[in-house]
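# Descriptive structure summary
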Amino acid sequence: MTTLLDKFHSLPAAVFREETARLGIRPLGAVTEQIISPTEAIVDGHRVILAGTNNYLGLTFEQEAIKAAQDALNNQGTGTTGSRMANGTFAEHVALEEEMAAFFRRKHAIVFSTGFSATCGVSATLAGPEDVIMMDSDSHASIYDGVRLSGAEILRFRHSDPSDLDKRLRRLGDRSSRTLVIVEGIYSMLGDISPLKEVAALKEKYGFCLMVDEAHSMGVLGTHGRGLAEAMDVEDAVDFVVGTFSKSLGSIGGYCVSNCDELEAIRFSIRPYIFTASSTPAMIASTRVALRHLEHRTELREALWRNAAQLYDGFEALGFRLGPRIDGLGDQRSPVVAVVLEDREFALKSWQKLLEKGVYVNMVVPPASPSTFSLLRCSVSAAHSTEQIQKIIDTFDDVLNG
Ligand SMILES: Cc1ncc(COP(=O)(O)O)c(C=O)c1O
């Protein structure tokens, strides 16, 4: 007879934990013991350059944001103790919603407690049992979970393949106008960029609703940092933009912005909006400051892309196979720079050696990686110095080629 808990010994995460314990490493449980700056920390006893965060603009130590959070903590307390719909809507939440709407040049905005609740909650709510959701096959877990809750018919199209999307929409016939299409700006594992222009062009033919998760592209792409839709000049075609405050804004929380007037009615149908406590005043206050920095300090975006180019050039000179090159995604670049390795054990051991030699990156193995390969995933920050990027390149050379 099996027990309720037996299955937890054969889940991929359990197998991975056993495998890494055998090798004497713990990529899933590395502890940041001391955080020194946006780009340096002590992790598991090793002083490292942080090359595996999503701190794209390096704003986590922005003094003005810290001060605003401290003031909010002193003046408004540690938490709201209630959901947005009950007692948890403070003036700061409303102000941030107005500022998010203005930043994205949209009429409406909703602020959530986490990015996950925003992307999951909106995906679960926009389409219902009579509708269809057409999602990119490499979508984030929060989108996968959300669409399952929606009750809609769920169809996946081949990752970043507009012709496959076109084919599937054609098959839907009249139902294509009751379809929600979901894509992301920058995909977080390989760092590839969605072909949003081609996806947006299909709207005219099929009349679907388009949602874009700009979690990794807000602050990174577009002249003003509004993400891929701005960079590709297709903002009018995107009906709902969702994303997070936990990456380029360096705090925590999520959002949905839209020009659709229905968003105010939708707000009160999203369960992770209604049934969870709202974000703390301190988080909202630091996010508001970070948003101003993201919008006006274009030099941060320039530094980010300079650093990303340095890392790409360095890795390419060393002959590494980088994220978008697999899966036929071409040679596009972004601040997510993933080194692709075929040998899983070599990848795991290399992750540990990188840590010991002073570079922390993210370890990604299947099924978390969108392929049969393992990834040593780096993410670049505007706060990295040229010397730090060079040290990352040299350490990879030493560990993988040495
Ligand atoms: C594409 C994407 N969407 C949503 C989320 C959820 O955001 P958060 O971690 O801030 O809850 C993430 C975070 O990893 C993400 O990568």
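Residues numbered from 1 in each chain as written. Predicted model: local features only at pLDDT ≥ 70, side-chain atom pairs only at ≥ 80, totals over all residues. Heavy atoms only, no water.

Taken together, 13 residues surround the ligand, and among them Phe 116, Asp 213, His 216, Thr 244 and Ser 246 come closest. In this structure, a nitrogen atom belonging to the ligand sits 2.7 Å away from a side-chain N or O atom of Asp 213. At a separation of 2.5 Å, an oxygen atom of the ligand approaches a polar side-chain atom of Thr 244. Within the complex, 83% of the 390 Å² of free accessible area of the ligand lies under protein. The element that contributes the greatest number of residues to the shell around the ligand is helix α4 (residues 115–126), accounting for three residues. Of the residues contributing to the shell around the ligand, the split by class is two nonpolar, eight polar and three charged. (Near = heavy atom within 4 Å. Polar contact = N/O pair within 3.5 Å; in protein donor to acceptor, adjacent residues only side chain to side chain. Areas by Shrake-Rupley, 256 points an atom, 1.4 Å probe, with all protein chains shown as cover. Helix = DSSP H or I, 4+ residues; strand = E, 2+ residues; numbered from the N terminus. Nonpolar A, V, L, I, M, F, W, Y, C, P; charged D, E, K, R; others polar.)

When cut into domains, the chain gives domain 1 (6–57 + 298–401) and domain 2 (63–296). Centre-to-centre, using C-alpha coordinates, domain 1 lies 26 Å away from domain 2. In this complex, domain 1 contributes 25 residues to the contact, which on the side of domain 2 involves 25 residues. Between domain 1 and domain 2, roughly 2000 Å² of surface is buried when both sides are summed, and carbon and sulfur atoms account for 58% of that area. Linking domain 1 to domain 2 there are zero salt bridges. If you look at where domain 1 meets domain 2, you find nine residue pairs in polar contact (both at pLDDT 80 or more). When residues of the side of domain 1 that touches domain 2 are traced back to their parent elements, those giving at least two are α12 (298–317), β11 (336–341) and β14 (374–379). With five residues, α12 is the single largest residue contributor to the side of domain 1 that touches domain 2. (Domains from an automatic or database assignment. Contact = heavy atoms within 4.5 Å. Buried area = accessible area lost by both parts, 1.4 Å probe. Salt bridge = Lys/Arg side-chain N within 4 Å of Asp/Glu carboxyl O.)

On to the packing of helix α13 (residues 344–356) against helix α14 (residues 386–401). A packed helix pair is summarised by two numbers, namely the angle formed by the two axes and the spacing between the axes. At their nearest, the axes of α13 and α14 sit 10 Å apart, and the two run at 140° to each other. When the axes of α13 and α14 are compared, the pair comes out oblique. Note that α13 runs across α14; the crossing there is right-handed. Together, Phe 346, Ser 350, Lys 353 and Leu 354 of α13 and Thr 395, Phe 396, Val 399 and Leu 400 of α14 make up the contact between the two elements. A per-class count over the contact of α13 with α14 returns five nonpolar, two polar and one charged. (Axes fitted to C-alpha atoms, helices over the stretch in contact; angles between N-to-C directions. Parallel < 35°, antiparallel > 145°, perpendicular 65-115°, else oblique. Left-handed = near helix turned anticlockwise from the far one by under 90°.)

Turning our attention to the packing of helix α3 (residues 91–104) against helix α11 (residues 281–296). Their axes nearest at 10 Å, the elements α3 and α11 cross at an angle of 20°. One way to sum up the angle between α3 and α11 is to call them roughly parallel. For the pair α3 and α11, the sense of crossing is left-handed. Here Glu 92, His 93, Ala 95, Leu 96, Glu 99, Met 100 and Phe 103 of α3 lie close against α11, whose contacting residues are Ile 284, Ala 285, Thr 287, Arg 288, Leu 291, Leu 294 and Glu 295.

One open sheet accounts for seven strands, arranged β4-β10-β9-β8-β7-β5-β6; its pairing is mixed. Two strands close off the open sheet at either side, each with one partner strand: β4 (108–112) and β6 (153–157). Averaged over all neighbouring strand pairs, the angle between strand axes comes to 20°, with direction disregarded. Note: β4 against strand β10 (residues 254–258), five bridges, orientation antiparallel. Looking across to β10, one finds that His 108 is bridged to Ser 258. Relative to the sheet, helix α5 (residues 141–150) contacts β5 (132–136), β6, β7 (179–184) and β8 (209–213), its axis offset from that of β5 by approximately 170°. (Pairing = 2+ DSSP bridges.)

The strand order across the open sheet formed by three strands is β11-β14-β13, and the pairing between neighbours is antiparallel. The open sheet has two edge strands, β11 and β13 (362–364), and neither has a second partner. Between one strand and the next, the sheet's axes are offset by a mean angle of 25°, whatever the strand orientation. Bridge analysis of β13 against β14 gives three bridges, and the strand direction is antiparallel. In the sheet register, Asn 362 faces β14, and the bridge partner there is Arg 377. Strands in contact with α12 are β11 and β14; relative to β11, the strand with the most contacts, it is inclined by about 20°.

If you look at the biggest cluster of nonpolar residues, it comprises 86 residues, and the most contacted ones within it are Met 100, Phe 315, Leu 376 and Phe 396. Counting residues domain by domain, this core receives three or more from each of domain 1 (6–57 + 298–401) and domain 2 (63–296). What Phe 396 contacts, discounting residues up to four positions off in sequence, is Phe 315, Phe 320, Val 339, Leu 354, Val 359, Val 361, Leu 376, Cys 378 and Asn 401. Judged by nonpolar contacts, the second largest core, of 23 residues, contains Ile 110, Leu 180, Ile 182 and Met 211. (Core = buried A, V, L, I, M, F, W, Y, C linked by side-chain atoms within 4.5 Å. Buried < 20%, exposed > 50% of the residue type's maximum accessible area, 1.4 Å probe, protein only.)

Moving on, we get to the packing of aromatic side chains. Counting across every chain of the model gives nine aromatic pairs. On the numbers, 4.7 Å between centres and 55° between planes, the contact of Phe 315 with Phe 396 is tilted. You can see Phe 315 sitting in helix α12 and its partner Phe 396 sitting in helix α14, a full 81 residues away along the chain. The same class applies to Phe 315 and to Phe 396, which are both buried. Between Phe 320 and Phe 396 the ring centres are 6.2 Å apart and the planes differ by 55°, which places this aromatic pair in the tilted class. With a gap of 76 residues between them, Phe 320 in the loop between α12 and β11 and Phe 396 in helix α14 connect regions that are remote in the sequence. An identical accessibility class is assigned to Phe 320 and Phe 396; each is buried. Taken together, the aromatic side chains of Phe 103, Phe 104, Phe 245 and Tyr 255 make up a single cluster linked through ring pairs. Its end group placed over the ring of Phe 373, Arg 321 keeps NZ or CZ at 4.9 Å from the ring centre. (Phe/Tyr/Trp six-rings, centres within 6.5 Å; stacked < 30°, edge-to-face > 60°. Lys NZ or Arg CZ within 6 Å of the ring centre and 35° of its normal.)

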